[in-house]
Amino acid sequence: MTTQQQLQHLYWRAGFGPRPEDVASGLSPRKALRQLLRDSEQVELLDSPEMHYREPFTSFMTVSPGAGTPQTTMVTTPDQTAKSSGTEQPAPVAALADRSAVRRGKNQPPLLRRQDMTAQQRKMQNDGIRQSFYAMNTGWINQMATSAAQLREKMTFFWHGHFACRVRRPDAALHLNNTIRQLALGKFGDLLLAVSKEPAMLQFLNNQQNRKQRPNENFAREVMELFTMGRGNYTETDVKEAARAFTGWGYNARGEFVFRENQHDEGAKTFLGRTGNFNGEQVLSIILEQSRTAEFIATKMYRFFVNDTPNLAHIQPLAQAFFKSNYDISALVEQMFSADWFFAAANVGTRIKSPIELLAGIKRTMGLQLVDSKPLVVFQKALGQTLFEPPNVAGWAGGRNWIDSSSLLYRLQLPSVLLRNAEFNVALKEDENDIAPQVSKLDRTFRQQVKATVQLAPVQALLAKTTPAQHAAKLSEFMLQAPIRPDNLVLIQKAADTAPAEGRLRAMITSLLSLPEYQLM
């Protein structure tokens, strides 16, 4: 594998793809990794005035944050694995750094009694909330494509799927996202504790309804099953006992974490073989003492950044080092991206890009700018992945699940839409979890020309030392991570030769982006 191929592989996996100038920089993969780590030391928060929803109604009574309907669809299958018991008291979890560093919206919507609103008022509220989420969505896509902190953006995207959360309140979702991005490359224990105390997560997993003598197990179950240890490493008793420890965890009307002592179960609990008067922080500490937690996180990161198929020979050393480092995320990703096997042929050009990686990648490598950013949300919905809207608490399945007959068609049409200002025509599927789920097919249909600009000069510079007859091959080396079929290369070169001189480069790029091989990274 050439140095260019290694660089491109690193930029796709540790970020959202290489720009022509990244490939031309002459950096070695090791120096490029160090640069990615340095560039990601600074935290660039996601924020703009458009992202903060302003409630237009003030005359309605607010509902206590503890009220609401539990999300029954988020409950997962109980686990029946047995564990031993003991009586040790765990050390407390280290305190999290001052959360004031993360901006909090000043205009969080009060939880209104929607039954007291007219249909028109409900529509106005839905539209306002939707516009805030659209601004958050498109703003993040743009940040993925343009930020120098590529590794931090990619890690924030990984944790966005790991700590999947879907709520109606834009400011709560935005605050969770900024908490994650602030801690995305720090210690996993700090990240886990901070996310566990986020109002968005507490609402999503029903912990506002978790009170002594009436425990709600949803939050405790998902913390163990999806966020830390995985199934088979705890019992149903552990779930019940952990739920008791998390009683009293909630948030107030200002969207701030609160511990309601009068709702907390202060009795003795036996959890993962330990007995004591545990609280929520101590339960998280016990979970972090399990080496299985390090294995679970290392495996999930391996599947996301390296290969969908786990390789235990690669993962075990990562997990052991991760555990010994007190869950240092930066050290883990550096070890992973520095390994010789990371650049093995089996791990290059073999992973299907998620819709977000596809869109952000085209924007980054081509310097793409849309006149109106709203179609970016339409593209995501058509392709099956919308930021801030995971399908459930398990997040997006990924892998081959990204591709079906309709999504592949849209993927292959997308380059022509973006580079040739073509029309995009799609009737989006109904989404039962949408802000306004009962929408007619007409209102779910998007059909319009998408206007966009691309920066071709950096690509032209990349081709400066090659003859026109070599342009298609040179471009394919830059744009594709999987080898191009010889017959496809011939077709692309012929199409370029017959295109007008001023449109030749754009024609080749569009053709390459439209190949099935471009779906791989």
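Note that the structure is predicted; figures quoted are calculated from it, not measured.

Each value, and the rule that gives it
Residues numbered from 1 in each chain as written. Predicted model: local features only at pLDDT ≥ 70, side-chain atom pairs only at ≥ 80, totals over all residues. Heavy atoms only, no water. Helix = DSSP H or I, 4+ residues; strand = E, 2+ residues; numbered from the N terminus. Buried < 20%, exposed > 50% of the residue type's maximum accessible area, 1.4 Å probe, protein only. Contact = heavy atoms within 4.5 Å. pLDDT = per-residue confidence, 0-100. Phe/Tyr/Trp six-rings, centres within 6.5 Å; stacked < 30°, edge-to-face > 60°. Lys NZ or Arg CZ within 6 Å of the ring centre and 35° of its normal. Salt bridge = Lys/Arg side-chain N within 4 Å of Asp/Glu carboxyl O. Core = buried A, V, L, I, M, F, W, Y, C linked by side-chain atoms within 4.5 Å. Arc of directions from axis to C-beta. Axes fitted to C-alpha atoms, helices over the stretch in contact; angles between N-to-C directions. Parallel < 35°, antiparallel > 145°, perpendicular 65-115°, else oblique. Left-handed = near helix turned anticlockwise from the far one by under 90°. Nonpolar A, V, L, I, M, F, W, Y, C, P; charged D, E, K, R; others polar. Expected span 1.5 Å × (residues − 1). Polar contact = N/O pair within 3.5 Å; in protein donor to acceptor, adjacent residues only side chain to side chain. Pairing = 2+ DSSP bridges. Patch = residues over 30% accessible without salt bridge, like charges linked within 9 Å, V, L, I, M, F, W, Y side chains within 5 Å. Areas by Shrake-Rupley, 256 points an atom, 1.4 Å probe, with all protein chains shown as cover. Lys, Arg positive; Asp, Glu negative; His and termini not counted. Charge placed at Lys NZ, Arg CZ, Asp CG, Glu CD.

Caption draft 1: Summary view of the overall build of the chain. Of the regular secondary structure elements, the chain holds 21 helices and eight strands. In the chain, which comprises 521 residues, the proportion classed as buried is 55%. Pairs at least 24 apart in sequence give 76% of the contacts found in the chain among residues at least 6 apart.

Caption draft 2: View of unusual backbone geometry. If you check the backbone angles, glutamine 213 has positive phi at about 70° while not being a glycine. Looking at the secondary structure, you find glutamine 213 in the loop between helix H8 (199–204) and helix H9 (218–228). Its relative accessible area of 77% is what places glutamine 213 among the exposed residues. Here asparagine 326, not a glycine, exhibits a phi torsion of approximately 60°, which is positive. With respect to the helices, strands and loops of the structure, asparagine 326 is situated in the loop between helix H13 (312–324) and helix H14 (329–338).

Caption draft 3: Summary view of the confidence of the model for the chain. Per-residue confidence for the chain averages 88 on the pLDDT scale, and 86% of its residues sit at or above 70. Throughout residues 58–111 the model reports pLDDT below 50, and contacts reaching past four residues in sequence, or to other chains, amount to 129 contacts.

Caption draft 4: Examining the packing of aromatic side chains more closely. Here the structure, examined in full by the defined rule, presents 26 aromatic pairs. Arranged with centres 5.0 Å apart and planes meeting at 85°, the rings of phenylalanine 219 and phenylalanine 246 form a pair that is edge-to-face. Remark: phenylalanine 246 occurs in the loop between helix H10 (236–245) and strand S1 (249–251) and phenylalanine 219 occurs in helix H9; sequence separation between them is 27 residues. We classify phenylalanine 219 as buried; its relative accessible area is 0%. A cation over an aromatic ring shows up here: lysine 197 above the ring of tryptophan 249, its NZ or CZ 5.4 Å from the ring centre. Above the face of the phenylalanine 304 ring, arginine 351 is positioned so that its terminal group lies 4.8 Å from the ring centre.

Caption draft 5: The arrangement of the pattern of salt bridges in detail. Throughout the structure, instances matching the rule amount to 21 salt bridges. Between lysine 123 and aspartate 127 there is a salt bridge, with the nearest N and O atoms lying 3.1 Å from each other. Remark: aspartate 127 and lysine 123 occur in helix H4 (residues 119–146); sequence separation between them is four residues, near one turn of the helix. The salt bridge involving arginine 485 is made with aspartate 487; its shortest N-O contact spans 2.7 Å. Of the residues examined, arginine 485 reaches a relative accessible area of 47% and is grouped as partly exposed. According to the relative accessible area criterion, aspartate 487 is partly exposed, its value standing at 37%. Bridged by salt links that share partners, the residues Glu217, Arg221, Glu236 and Lys240 form one connected network.

Caption draft 6: Geometry of the nonpolar core. Membership of the largest hydrophobic core comes to 142 residues, with the highest contact counts inside it found for Met155, Trp159 and Phe188. By residue number, the principal contributor to this core is helix H12 (residues 291–305), which donates eight residues. Sequence-distant contacts of phenylalanine 188, that is, excluding residues within four places in its chain, are made with Trp159, Phe163, Phe227, Thr228, Leu288, Thr293, Ile297, Phe322, Tyr327 and Ile329.

Caption draft 7: View of helix H19 (residues 471–479). Inspection of H19 places His471, Ala472, Leu475, Ser476, Phe478 and Met479 among the buried residues, and these make up the whole buried set. One side of H19 holds all its buried residues, which, seen down the axis, span an arc of 160°. Looking at the buried positions of H19, the neighbouring elements they touch are helix H1 (3–14), helix H2 (20–23), helix H15 (355–366), helix H18 (457–462), helix H20 (486–498) and helix H21 (504–513).

Caption draft 8: A look at the packing of helix H5 (residues 150–162) against H12. Packing of H5 against H12 leaves a shortest axis separation of 12 Å and a crossing angle of 120°. By the angle class used here, H5 and H12 are oblique. Remark: the crossing between H5 and H12 carries right-handed chirality. Each of Lys154, Met155, Phe157, Phe158, Trp159 and His162 in H5 lies in contact with H12, whose residues at this interface are Phe296, Ile297, Lys300, Met301, Phe304 and Phe305. Among the residues forming the contact of H5 with H12, the class breakdown is nine nonpolar, one polar and two charged.

Caption draft 9: Region of interest: helix H6 (residues 170–183). The end-to-end C-alpha separation of H6 is 20 Å, in line with the 20 Å expected for 14 residues at 1.5 Å each. In terms of burial, H6 is a largely internal element, 13 of the 14 residues being buried.

Caption draft 10: Just the side chain of glutamine 519, in detail. Within the fold, glutamine 519 resides in the segment after H21. Under the relative-accessibility criterion, glutamine 519 is labelled buried at 4%. Only 2.8 Å separates the side chain of glutamine 519 from the side chain of arginine 411, close enough to count as a polar contact. When neighbours within four sequence positions are excluded, glutamine 519 is seen to be in contact with Arg351, Ile352, Lys353, Leu358, Arg411, Leu412 and Leu513.

Caption draft 11: Focus on the pairing of strand S6 (residues 423–427). Burial along S6 is one-sided: the face carrying Phe424 and Val426 is buried and the face carrying Glu423, Asn425 and Ala427 is not. Sheet topology note: the S6/strand S7 (residues 445–449) ladder contains five bridges and is antiparallel. Across the sheet, the residue bridging to asparagine 425 is arginine 447, located in S7.

Caption draft 12: Inspection of a positive patch on the surface at higher detail. A cluster of basic side chains, namely Arg30, Lys31, Arg34 and Arg38, defines a positive patch on the protein surface. By secondary structure assignment, the location of arginine 34 is in helix H3 (residues 29–39).

Caption draft 13: Here's a closer look at the packing of H4 against H15. Running from amino to carboxyl end, H4 crosses H15 at an angle of 55°, the nearest separation of the two axes being 8 Å. Judged by the angle between their axes, H4 and H15 are oblique. The way H4 lies across H15 gives a crossing that is right-handed. Of H15, the residues touching H4 (which contributes Ile141, Asn142, Met144, Ala145 and Thr146) are Ile356, Ala360, Lys363 and Arg364. Considering only residue class, the contact of H4 with H15 consists of five nonpolar, two polar and two charged.

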